Amino acid sequence: MTSPDLPAELKAALDGKLRGFSRSDAAGRAASISKTYRGGGGSGAIRSEADALAYALARMPATYAAVTASLNALVEIRPDFAPNSLLDVGAGPGTATWAAAEAFPSLKDFALLDANDALRTLALDLTRDSTRLRNLAYERGEARAELAKANAADFVVASYMINEIGDAEQRALAELMWAKTLDTLLVVEPGTPAGYARIIALRDHLIALGAHVAAPCPHDGQCPLQAPDWCHFSQRLQRSRAHMQVKGAEVPFEDERFSYVAVSRMPPGQRPSRVLAQPATGKVEVAAKLCTPNGLNTARVRRRDKAAYAEARRWRWGDVVL
Ligand SMILES: C[S@@+](CC[C@H](N)C(=O)[O-])C[C@H]1O[C@@H](n2cnc3c(N)ncnc32)[C@H](O)[C@@H]1O
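Rules and cut-offs
Residues numbered from 1 in each chain as written. Predicted model: local features only at pLDDT ≥ 70, side-chain atom pairs only at ≥ 80, totals over all residues. Heavy atoms only, no water. Near = heavy atom within 4 Å. Polar contact = N/O pair within 3.5 Å; in protein donor to acceptor, adjacent residues only side chain to side chain. Areas by Shrake-Rupley, 256 points an atom, 1.4 Å probe, with all protein chains shown as cover. Nonpolar A, V, L, I, M, F, W, Y, C, P; charged D, E, K, R; others polar. Axes fitted to C-alpha atoms, helices over the stretch in contact; angles between N-to-C directions. Helix = DSSP H or I, 4+ residues; strand = E, 2+ residues; numbered from the N terminus. Parallel < 35°, antiparallel > 145°, perpendicular 65-115°, else oblique. Left-handed = near helix turned anticlockwise from the far one by under 90°. Contact = heavy atoms within 4.5 Å. Pairing = 2+ DSSP bridges. Expected span 1.5 Å × (residues − 1). Bend = angle between axes of the 7 residues up to and from the residue. Buried < 20%, exposed > 50% of the residue type's maximum accessible area, 1.4 Å probe, protein only. Arc of directions from axis to C-beta.

I'd like a rundown of the site of the ligand, residues and numbers included.
Taken together, 21 residues form the shell around the ligand, and within it Gly90, Thr95, Asp114, Ala143 and Ser159 come nearest. One of the backbone nitrogen or oxygen atoms of alanine 143 is found 2.7 Å away from a nitrogen atom of the ligand. Here the ligand loses 93% of its free accessible area of 580 Å² to cover by the protein chains. In the shell around the ligand, the residues fall into ten nonpolar, eight polar and three charged.

Shown next, in the form of structure tokens:
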């Protein structure tokens, strides 16, 4: 399992960029960028080096943690997956590339693409001293045009970018990403009802194109959840002092909510059930909401069944249950 916290090399690179930057200025910029996102705007608000750094300080730890949690889930289902090449679509400051490099020591070729020049420049700065990432290829341009030109890769990832694409274009983008996927495609979105709706629409479309879900679902059928319920997970991450200052935060951690889907060209060898919410552990039983290959189910594990109860007490939201 890869740690959800930023790797030391990336932390050091971010700290290096921070020198000479005012943290209160970064906090102001981060707040205004977040306000734009909350209002439904995109990364177009990130225009300068200072904006890009403020965005990275405020959001990179959480998006990194969400992508890492999704990668850990994928690796658990596909322990044999050892990609050589990565294509990071809407790569921004390179968050998903850093996370994939940590999760897959086999990765050698890193290709990134994004429309935002300030974020691309920051990504290149952050990877400059990294032995593994310094030779990455990062194209600047609109995703669909760049994807059409890109080489296919074993592993394709799009993290927190689909929400910036118009509804009508999301299907076309999914088709292009899938066409460039030799093995597995991972899409991660915010863990909101709207983020989940985008993931489910994409999932359905990709399954229709022949994809098989590796994670989080234990099946390729219709999602059994009914609105207002939605499938999402939560990853806790530590906040550094700079991260706290930029966010004006008081506690040294945060919980990032995210939705994701990882689809592969071949069906996975195993499809265990997944815990969809934090289980309720009581004196009599552990009750856990599970997504199983046959639909939703609440597992009730009684205390009198000692071994099973001890096992169920360790279940956490997002875990697979064998
Ligand atoms: C919220 S940021 C996420 C960045 C990165 N994937 C991460 O997880 O930190 C969304 C990124 O998608 C990029 N993006 C949005 N629409 C795009 C498009 N049509 N073509 C290329 N990049 C796009 C933005 O420029 C931005 O870098």
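Outline the packing of helix H7 (residues 167–179) against helix H8 (residues 193–208), listing residues and values.
One way to put it is that H7 packs onto H8 with a least axis distance of 10 Å and a crossing angle of 55°. The angle between H7 and H8 places the two elements in the oblique class. By crossing handedness, the relation of H7 to H8 is classed as right-handed. Taken together, the residues of H8 that come into contact with H7 (itself represented by Gln170, Arg171, Ala174, Glu175 and Trp178) are Arg198, Leu202, His205 and Leu206. For the contact of H7 with H8, the per-class residue count stands at four nonpolar, two polar and three charged.

Can you tell me about the pairing of strand S12 (residues 295–302), naming the residues and giving the values?
Where strand S11 (residues 285–292) meets S12, eight bridges bridge the pair, whose relative direction is antiparallel. Bridge assignment links threonine 292 to a residue of S12, and that residue is glycine 295. Between S11 and the antiparallel strand that follows it, S12, lie two residues.

Any chance you could break down helix H3 (residues 49–77) for me, citing the residues and the numbers?
The first and last C-alpha atoms of H3 sit 39 Å apart over 29 residues, in line with the 42 Å expected at 1.5 Å per residue. The largest bend in H3 is about 50°, located at arginine 59, with the proline proline 61 one to four residues further on. H3 sits mainly inside the fold: 26 of its 29 residues count as buried.

Run through the pairing of strand S7 (residues 233–238), naming residues and quoting values.
With burial as the criterion, only one face of S7 is covered, namely that bearing Phe233, Gln235 and Leu237; the residues Ser234, Arg236 and Gln238 on the opposite face remain uncovered. Pairing of S7 with strand S8 (residues 253–264) involves six bridges; the strand directions are antiparallel. Bridged to glutamine 238 within S8 is phenylalanine 253.

With reference to specific residues and values, describe the environment of cysteine 291.
Here cysteine 291 lies in strand S11. Assessed through its relative accessible area of 7%, cysteine 291 is described here as buried. Counting along the chain gives 229 residues from cysteine 291 to alanine 62, while the straight-line C-alpha distance between them is 25 Å. Setting aside chain neighbours within four positions, we find cysteine 291 in contact with Pro218, His219, Pro224, Ser273, Arg274, Leu276 and Leu296.

Tell me about helix H1 (residues 8–18), residues and numbers included.
All buried positions along H1 are accounted for by Leu10, Ala13, Leu14, Lys17 and Leu18. The buried residues of H1 occupy an angular sector of 140° when projected down its axis, which confines them to one face. Its buried side turned inward, H1 meets helix H2 (23–38), H3, helix H4 (95–103), helix H5 (117–127) and helix H9 (241–247). Immediately downstream of H1, the backbone of glycine 20 shows phi near 90°, a positive value.

Give a detailed account of unusual backbone geometry, specifying residues and quantitative values.
Note on backbone geometry: most residues besides glycine have negative phi, and most peptide bonds are trans. A cis amide bond links alanine 215 with the next residue in sequence, proline 216, at an omega value of 5°. One can find proline 216 in the loop between strand S6 (212–215) and S7. Cis geometry is found at the peptide bond from alanine 227 to proline 228, where omega equals 10°. One can find proline 228 in the loop between S6 and S7. For tyrosine 160, which is not glycine, the phi dihedral falls at a positive 55°. Tracing the sequence through the fold places tyrosine 160 in the loop between strand S4 (153–159) and H7. By relative accessible area, which is 12% here, tyrosine 160 ends up buried.

The analysis is restricted to geometry; functional conclusions fall outside its scope.
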